[in-house]
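Letter by letter, the chains look like this.
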Amino acid sequence: MREEQFIRAIKRRKRKDQWYFVFLLFMGFLSLFPLFSVLYYVVSKGWFDLFSAGFLKPTVGTLEMVLIAMVFAIPLGTGLGLYLYESRGTRMVTVVRYTADLLSGIPSILIGMAVYAVVVISTGTFSLFAGSVALATFSIPYLGREIEDQLIASTSAIKEGALALGATNTRALLQMVMPVMTRPLIVAILFSMSRAMGETAPLLFTTLGNHFWPIGLMSPASTLSLQIYFDALSPNSFVQSQAWTGALILIAFIILLFLVAKWITREESK
Amino acid sequence: MGKSLVVESLSAFYGKQQILYHVSMTMPEHQVTTIIGPSGAGKSTFVRCLNRLHETTPNARMEGSVWLDHQNLYELDPIIVRRKVGMVFQAPNPFPTRTVFENVAAGLRLNGIRNKSIISEQVEKSLQLSSLWDEVKNSLHQPVWNLTRGQQQRLCIARALAIEPSVLILDEPASTLDPLSSLKIEELVEELKSHYTIVLVTHNLQQAARVADLTALFLDGELVEQGSPAELFTRPKDKRTEDYLTGRFG
Ligand SMILES: Nc1ncnc2c1ncn2[C@@H]1O[C@H](COP(=O)(O)OP(=O)(O)OP(=O)(O)O)[C@@H](O)[C@H]1O
Ligand SMILES: [Mg+2]
């Protein structure tokens, strides 16, 4: 009698478990749906034009702009992260950290306006360079905070280990802590690159867009995101369809960055 | 070689909060001094004052003096102090991107020693001392994550010994290890005391009683009682010691 009850209870639980599993599966599909529908649309509508020469220019523009932004953002962001970590506990750091959070979270169009006021007006021209500055402006605080978090989370013990051996603070940081930071640092850089690639709003005020070669540093330039924006607004349906191709290229780059980041962190956990 | 460590009226603070109150004690040379007490009593803070690691924490401050062989450690450069007073931490913290060999050599290199034969000699000697040599001699140039946690902790001991400190501090070195690894560390401590002055923080009272020549009990930032383990554990002078030992504390 008791045993029967027991078996029934188990059966009931199993059934519950199955329902729960179905529910989870459903939720999983639901959350993947937007992603796959975007991918489906972009690929199906964009692949026709993929190899037409028209996309070379915005692709080069995007890569050039993001790379130049990283030339600023990587050293400055790393410096910011080290400063936040090293001087923690002081009031100044609290202010800087708060500002950094604000800056990396602020609507990027506002950053575009600020860079317009500073760079575009002072150099007298919209330019790829001004776009890089805008992208760097929110990448720096993002990288700085990422690096600070990583330093606190994973390396305090290592740093103390080095200090306890008579290392100077600088040596402990550069020789023992930074090597451990390489991978998290690369991953943070990849993520900030992928965000920078997709940004459009700040570029409207700084880089403007341009349909002609060559891509000069100090002249208006085209990027994938700008090209998507302008083409999609066009009344011409052929031009509209080019927006999809631009989107496809952009998504391909972003997926590539994510895959590289994934691969790096997988190596790490081995 | 070991030298005795004398602490005079040491107080320590984190910001405005006082953690240690006028602690005075002597840790004699070639002896094991164990420090016991409930969590939060200030044991780690105390030993971190001995090698001046305490002051690397933001807003941390200490008062009083620590003497090693008639030298006031607080008048020396902290870098020099840390070469004289080595430390092993609660959780093994080998340098993860370095090999076994390079972990032990790290302290030598950080202190500017470049001579290869001196370094490899010192690495072998330190690994012998921490009784890890036989286990790792064939994998010296392997990454450290291949070692077990117990081996990693003995590697950290070797790393600390490589720069030939006078004092070795171990802050609960076995508390995150399995019983067998823990026992190995304990045996190691006994062997090492002929070369060093040893300060061992432990939660394990049996262990404290087994290895100690001298035991000190900390409660709420105060040194409540110190003495030979035989005395302290069997005939405590202070009521609070008795309460702690019989489990009426923390
Ligand atoms: N970085 C810090 N900032 C502020 N307070 C701290 C800091 N580190 C420790 N404390 C405080 O100092 C007190 C003593 O801590 P300590 O780590 O010395 O205790 P302990 O005796 O080693 O404890 P345990 O046995 O848990 O290791 C605790 O109240 C703790 O909260
Ligand atoms: Mg502690």
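Going by the structure above, here's the rest.
Report on the accompanying structure. (Residues numbered from 1 in each chain as written. Chains lettered and ligands numbered in written order. Predicted model: local features only at pLDDT ≥ 70, side-chain atom pairs only at ≥ 80, totals over all residues. Heavy atoms only, no water.)

### Focus on the site of ligand 1
All names here are of chain B.
- Surrounding ligand 1, one finds 13 residues, the nearest of these being Ser39, Gly40, Lys43, Ser44 and Thr45.
- One of the side-chain nitrogen or oxygen atoms of tyrosine 14 is found 3.4 Å away from a nitrogen atom of ligand 1.
- Sort the elements by how many residues they give to the shell around ligand 1 and helix 1 (residues 43–50) lands first, with 3 residues.
- Per-class residue counts for the shell around ligand 1 are 4 nonpolar, 7 polar and 2 charged. (Near = heavy atom within 4 Å. Polar contact = N/O pair within 3.5 Å; in protein donor to acceptor, adjacent residues only side chain to side chain. Helix = DSSP H or I, 4+ residues; strand = E, 2+ residues; numbered from the N terminus. Nonpolar A, V, L, I, M, F, W, Y, C, P; charged D, E, K, R; others polar.)

### A closer look at the nonpolar core
- Of all hydrophobic cores here, the largest spans 115 residues; its most connected members are Leu10(B), Phe46(B), Val47(B), Leu50(B), Leu127(B) and Phe218(B).
- Tallying contributions element by element places helix 6 (residues 169–198) of chain A first for this core, with 15 residues.
- Membership of the second largest hydrophobic core comes to 19 residues, among which are Val88(B), Cys156(B), Ala160(B) and Leu161(B). (Core = buried A, V, L, I, M, F, W, Y, C linked by side-chain atoms within 4.5 Å. Buried < 20%, exposed > 50% of the residue type's maximum accessible area, 1.4 Å probe, protein only.)

### So, a nonpolar patch on the surface
- A grouping of Tyr20(A), Phe23(A), Leu24(A), Phe26(A), Met27(A) and Leu30(A) is seen on the molecular surface, where their side chains present a nonpolar patch of about 630 Å² in accessible area.
- Within the fold, Phe23(A) resides in helix 1 (residues 2–46). (Patch = residues over 30% accessible without salt bridge, like charges linked within 9 Å, V, L, I, M, F, W, Y side chains within 5 Å. Areas by Shrake-Rupley, 256 points an atom, 1.4 Å probe, with all protein chains shown as cover. Salt bridge = Lys/Arg side-chain N within 4 Å of Asp/Glu carboxyl O.)

### Regarding the packing of aromatic side chains
- As enumerated under the stated definition, the model contains 8 aromatic pairs over all chains in all.
- Among the aromatic side chains, those forming a connected cluster through ring pairs are Tyr40(A), Tyr41(A) and Trp244(A).
- One cation-aromatic arrangement involves Arg88(A) over Tyr85(A); the distance from NZ or CZ to the ring centre is 4.6 Å.
- Over the ring of Phe13(B) we find Arg61(B); its NZ or CZ atom is 4.2 Å from the centre of that ring. (Phe/Tyr/Trp six-rings, centres within 6.5 Å; stacked < 30°, edge-to-face > 60°. Lys NZ or Arg CZ within 6 Å of the ring centre and 35° of its normal.)

### What to know about helix 4 (residues 116–129) of chain B
All names here are of chain B.
- Compared with the 20 Å implied by 1.5 Å per residue over 14 residues, the 20 Å span of helix 4 between its first and last C-alpha is a close match.
- Residues of helix 4 that are buried: Ile119, Gln122, Val123, Ser126, Leu127 and Leu129. Buried residues of helix 4, viewed axially, fall in a sector of 155°; they line one side.
- Next to the buried residues of helix 4 lie helix 3 (100–110), helix 5 (133–136), helix 6 (149–161) and helix 7 (179–192).
- Just past helix 4, the residue serine 131 takes up positive phi, approximately 45°. (Expected span 1.5 Å × (residues − 1). Arc of directions from axis to C-beta. Contact = heavy atoms within 4.5 Å.)

### Examining the environment of Asp101(A)
All names here are of chain A.
- On the secondary structure map, aspartate 101 appears in helix 3 (residues 91–105).
- On the accessibility criterion, aspartate 101 (36% relative accessible area) is partly exposed.
- Side-chain polar atoms of aspartate 101 contact the side chain of arginine 145, separated by 2.7 Å.

### Let's talk about the sheet that holds strand 9 (residues 214–219) of chain B
Residue and element names in this part refer to chain B.
- Strand order across the open sheet formed by 6 strands is 6-7-8-3-9-10, with mixed pairing between neighbours. Both outer strands of the open sheet, strand 6 (85–88) and strand 10 (222–227), are each paired with one neighbouring strand and no more. Neighbour to neighbour, the strand axes of the sheet diverge by 20° on average, direction disregarded.
- In this sheet, strand 7 (residues 167–171) lies alongside strand 6 in parallel orientation, the contact comprising 4 bridges. Along strand 7, the bridge assignment pairs valine 88 with leucine 170. (Pairing = 2+ DSSP bridges. Axes fitted to C-alpha atoms, helices over the stretch in contact; angles between N-to-C directions.)

### Looking at the pattern of salt bridges
All names here are of chain B.
- Overall, the coordinates contain 19 salt bridges over all chains when judged by the stated rule.
- In this structure, glutamate 63 and arginine 61 form a salt bridge, with 3.2 Å as the shortest nitrogen-oxygen distance.
- For arginine 61, a relative accessible area of 40% gives the class partly exposed.
- One salt bridge in this structure joins aspartate 213 and lysine 193, with 3.2 Å as the shortest N-O distance. Of this pair, aspartate 213 sits in the loop between helix 8 (205–211) and strand 9 while lysine 193 is found in the loop between helix 7 and strand 8 (197–201), placing the two residues 20 residues apart along the sequence.

### Overview of the sheet that holds strand 1 (residues 5–14) of chain B
All names here are of chain B.
- Pairing in this open sheet of 4 strands is antiparallel, and the strands run 2-1-4-5 from one edge to the other. In this open sheet, the two strands that pair with only one neighbour each are strand 2 (17–27) and strand 5 (71–72).
- Inspection of the sheet shows strand 4 (residues 60–68) paired to strand 5 by 2 bridges, in the antiparallel sense. Bridge pairing in strand 5 links leucine 68 to glutamine 71.
- In this fold helix 1 packs onto strand 1, strand 2 and strand 4, with an angle of close to 120° to the strand it touches most, strand 1.

### Re the pairing of strand 4 of chain B
All names here are of chain B.
- Pairing analysis gives 8 bridges linking strand 1 to strand 4, with the strands arranged antiparallel. In the sheet register, glutamate 8 faces strand 4, and the bridge partner there is serine 65.
- Hairpin connection from strand 4 to strand 5: 2 residues lie between these consecutive antiparallel strands, with aspartate 69 at a positive phi of about 55°.

### Focus: the side chain of Thr241(B)
- For Thr241(B), the position within the fold is in helix 10 (residues 239–245).
- Note on Thr241(B): relative accessible area 0%, which makes it buried.

### Some remarks on the packing of helix 4 of chain B against helix 6 of chain B
All names here are of chain B.
- In contact at an axis separation of 8 Å, helix 4 and helix 6 are set at 130° when each is read in the N-to-C sense. Classed by the angle they form, the pair helix 4 and helix 6 counts as oblique. For the element pair helix 4 and helix 6, the recorded crossing hand is right-handed. Where helix 4 abuts helix 6, its residues Ser126, Leu127 and Leu129 lie against Leu155, Ala158 and Leu161.
- Of the residues in the contact of helix 4 with helix 6, the class split is 5 nonpolar, 1 polar and no charged. (Parallel < 35°, antiparallel > 145°, perpendicular 65-115°, else oblique. Left-handed = near helix turned anticlockwise from the far one by under 90°.)

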